[in-house]
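Descriptive analysis of the structure
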Amino acid sequence: MSVDIFTWEALFSRDLNNDGADIGIVLKTLKEDTSFLVESILKIWWEQLVSQLLNSRSLNKLLDWDLIKKSNRLNVKDNINSYLLQFSKFLAKNNYTKEYIDSFLKRLWTELFNSYIKFSLVDSGIKVPSEFVEVPDILKRQIYNILEWEEELAYLIIFLISCSFIELSENIWNRFEVESENKILEVDKDKLVADLLALWAIRTFEWRVEDDYFDFSDWRLDKVKWTWWGNRSFRIREKTDFTEWDVDLYYTIKRKKTEDTKTDFRECYEIEMRIKRHYWLLHILERFWLSKFREKAKDRISFTVYDKDDSELSVKFDIDDYGIVKVDWKEVFIPTILEIETNCEALANTYIRKLWFEWNVKLVTWSRWLFKYYANSQKATKKSKK
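Residues numbered from 1 in each chain as written. Predicted model: local features only at pLDDT ≥ 70, side-chain atom pairs only at ≥ 80, totals over all residues. Heavy atoms only, no water.

Here the focus is the packing of helix 6 (residues 137-147) against helix 7 (residues 151-162). Two elements in contact, helix 6 and helix 7, have axes separated by 9 Å at closest approach and are oriented at 150 degrees. In this structure, the crossing between helix 6 and helix 7 has a hand that is right-handed. Of helix 7, the residues touching helix 6 (which contributes Leu-139, Lys-140, Ile-143, Tyr-144 and Leu-147) are Glu-151, Leu-153, Ala-154, Ile-157, Ile-158 and Ile-161. Its residues placed into classes, the contact of helix 6 with helix 7 shows nine nonpolar, no polar and two charged. (Axes fitted to C-alpha atoms, helices over the stretch in contact; angles between N-to-C directions. Helix = DSSP H or I, 4+ residues; strand = E, 2+ residues; numbered from the N terminus. Left-handed = near helix turned anticlockwise from the far one by under 90°. Contact = heavy atoms within 4.5 Å. Nonpolar A, V, L, I, M, F, W, Y, C, P; charged D, E, K, R; others polar.)

What follows is the structure, encoded as C-alpha cells:
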C-alpha cells in the first residue's frame, strides 16, 4: 500500500528553529519515516477493523459492539499518539527544544489524521481532489472553539472544507464569534409580518426547514456537559425555498456559552456551512461513527433589520411554525414562535419594545425544551379543566 502525505511540502515550508541541528537531513529522515508511519498505522488499524467486522458478521449479529468499540475512531488517535511518542524521542535525541517538539508533533498529528481520513475516503470509492483548498486559520480556531475535546471531529470538518465537500455559507452570522438569541412565544404571525414591514425590516426568505441532528453512539455531543463546556449540536439542515422551490443543504455546529447567566438572551457560538456533496458527506459521517438521532421540521419566514448608525449591528427575526410535534410519543401543538438572533442585544431589545413583546413569555432554550414546555403547559391545562 502506498500512502501519500498530501501537505508535506506545506508542512515543512515554514521557517522552524532547530537550534543548530541539520534541518535538511532531519526533515528528509522524518519525511521518509513518516510515510512508513502513516502506512503502518493504516494497515494495522484497517486490517483489525475488517477482521472484527467479519467476525461480527460470522456470528450472525447485525452489530457486535464489543467488537466494534475496539476499532472505533479513538483507536486511530491512540495509535497515532503512540507512534508520535517515538518521534518525540527521535527529535529530543537530535537536540530539538521542547517548544519545537510540541509544535512539530501537533502539526504532524494533524497530518497523520488527515492521511487516515483520506485513506478512508479512497477506500470507500470517494474521489479526493488532487489540490486542496486552504482553510483560513480564523475558521479553524472557530471550529475548534465549538468542538474542543473532539479534536478528530474538528479536523474532519476542516478536512471536508479543504476537499470542497462543504464551504462557509453566506450567512451573516458566520462573521461574528458570538450571537445572542431567544424565543418569544405565541405571536400573531400576520400582525408581526405587517409590523416588521412597517419598521422597514428586510424580508430575507420564506422556507420549509428540515433538520437532522447527528451524534456519536454515546450521545456525548448532545448530552455530555461540563461546568466549563456547554452542550453542542451538530445538524444538517435542508431548506426549501417556497418561492423558487430550490433546495439547499447546510451543515451547522453550535455550542451554548456556559458562562452566560442571563435569562433574556442565550449566547452561542455557531458556524454554518453549505454542503456541496451531500451523498458523500453522509457516507463520510457514517464511516466516522456519527448517526442521526433526531429530527425536526418547521415553516420559517425571516426578516432582518440593521442599525441605522452601524450596519454591522443587526437583528434577525425568524417566525417559526412547527405545527404538531411529538413529545414522549404524544402529539403537542406548538403555536407560532418568534426566534430572535442578534449581535447587539440593546438593538434587539429596542425592537422587542417597538413590537410590544416586552410581556410575552420568552425562552432561552433549544427546540426540544420548547416542545417540552408546551407539553407540560397543555398537560397542566387539561388537569385544571378536570
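A few words on the environment of Asp-211. Take Asp-211: it is sitting in strand 3 (residues 202-215). The spacing of Asp-211 and Glu-295 is 84 residues in sequence and 5.5 Å in space, taken between C-alpha atoms. Once residues within four sequence positions are removed from consideration, Asp-211 is found in contact with Arg-235, Ile-236, Arg-237, Arg-294, Glu-295 and Lys-296. A distance of 2.6 Å separates polar atoms of two side chains, one belonging to Asp-211 and the other to Arg-237. One polar contact links Asp-211 to Lys-296, side chain to side chain, over a distance of 2.7 Å. (Polar contact = N/O pair within 3.5 Å; in protein donor to acceptor, adjacent residues only side chain to side chain.)

Every buried residue belonging to helix 11 (residues 345-354) is among Glu-345, Leu-347, Ala-348, Tyr-351 and Ile-352, and all of these are buried. Within helix 11, the buried residues cover an arc of 160 degrees as seen down the axis, which keeps them to one side. One or two residues past the end of helix 11 sits Trp-356, with phi positive at roughly 60 degrees. (Buried < 20%, exposed > 50% of the residue type's maximum accessible area, 1.4 Å probe, protein only. Arc of directions from axis to C-beta.)

To continue, consider the nonpolar core. With 52 residues, the main nonpolar core has Ile-143, Ile-157, Tyr-251 and Ile-253 as its most contacted residues. At the level of elements, helix 4 (73-93), helix 5 (98-123), helix 6, helix 7, strand 4 (232-241), strand 5 (247-256), strand 6 (266-275) and helix 10 (278-287) are the ones that each hand at least two residues to this core. For this core, the element with the highest residue contribution is helix 5, accounting for eleven residues. Counting 22 residues, the second-largest nonpolar core is a separate cluster that includes Ala-201, Ile-301, Leu-347 and Ile-352. (Core = buried A, V, L, I, M, F, W, Y, C linked by side-chain atoms within 4.5 Å.)

Here the focus is the environment of Ile-340. Looking at the secondary structure, you find Ile-340 in strand 11 (residues 337-342). With a relative accessible area of 1%, Ile-340 lands in the buried category. As a C-alpha pair, Ile-340 and Lys-183 span 157 residues in sequence and 6.3 Å in three-dimensional space. For Ile-340, the contacting residues outside a window of four places in its chain are Ser-180, Glu-181, Asn-182, Ile-184, Phe-265, Val-315, Lys-316, Phe-317, Ala-348 and Ile-352.

A few words on the pairing of strand 10 (residues 330-334). Where strand 9 (residues 323-327) and strand 10 come together, five bridges link them in antiparallel fashion. Counterpart to Gly-323 in the pairing with strand 10 is Ile-334. (Pairing = 2+ DSSP bridges.)

Bringing the pattern of salt bridges into the picture now. Note on pairing: side chains with opposite charge can pair once their charged atoms come close. Scanning the model with the defined rule gives 24 salt bridges in all. One salt bridge in this structure joins Asp-195 and Lys-191, with 2.8 Å as the shortest N-O distance. Residue Asp-195 and its partner Lys-191 are both found in helix 8 (residues 189-198); the two are separated by four residues, about one turn of the helix. When the shortest N-O distance is used, the salt bridge between Lys-292 and Glu-295 registers 2.8 Å. Given a relative accessible area of 54%, Glu-295 falls into the exposed group. (Salt bridge = Lys/Arg side-chain N within 4 Å of Asp/Glu carboxyl O.)

Right, let's talk about the packing of aromatic side chains for a bit. In total, this model carries eight aromatic pairs according to the counting rule given. Between Phe-214 and Phe-234, the ring centres sit 5.7 Å apart and the planes meet at 35 degrees, which makes this aromatic pair tilted. A residue pair is termed long-range when its members are at least 10 positions apart, and Phe-214 in strand 3 and Phe-234 in strand 4 qualify at 20 residues. Judged by relative accessible area, Phe-214 falls into the buried class, the value being 8%. For Phe-234, a relative accessible area of 2% corresponds to the buried category. For the ring pair Tyr-322 and Phe-371, a centre distance of 5.0 Å and an interplane angle of 80 degrees mean the geometry is edge-to-face. With a gap of 49 residues between them, Tyr-322 in the loop between strand 8 (314-321) and strand 9 and Phe-371 in helix 12 (residues 367-385) connect regions that are remote in the sequence. We note that Tyr-322, like Phe-371, is buried. (Phe/Tyr/Trp six-rings, centres within 6.5 Å; stacked < 30°, edge-to-face > 60°.)

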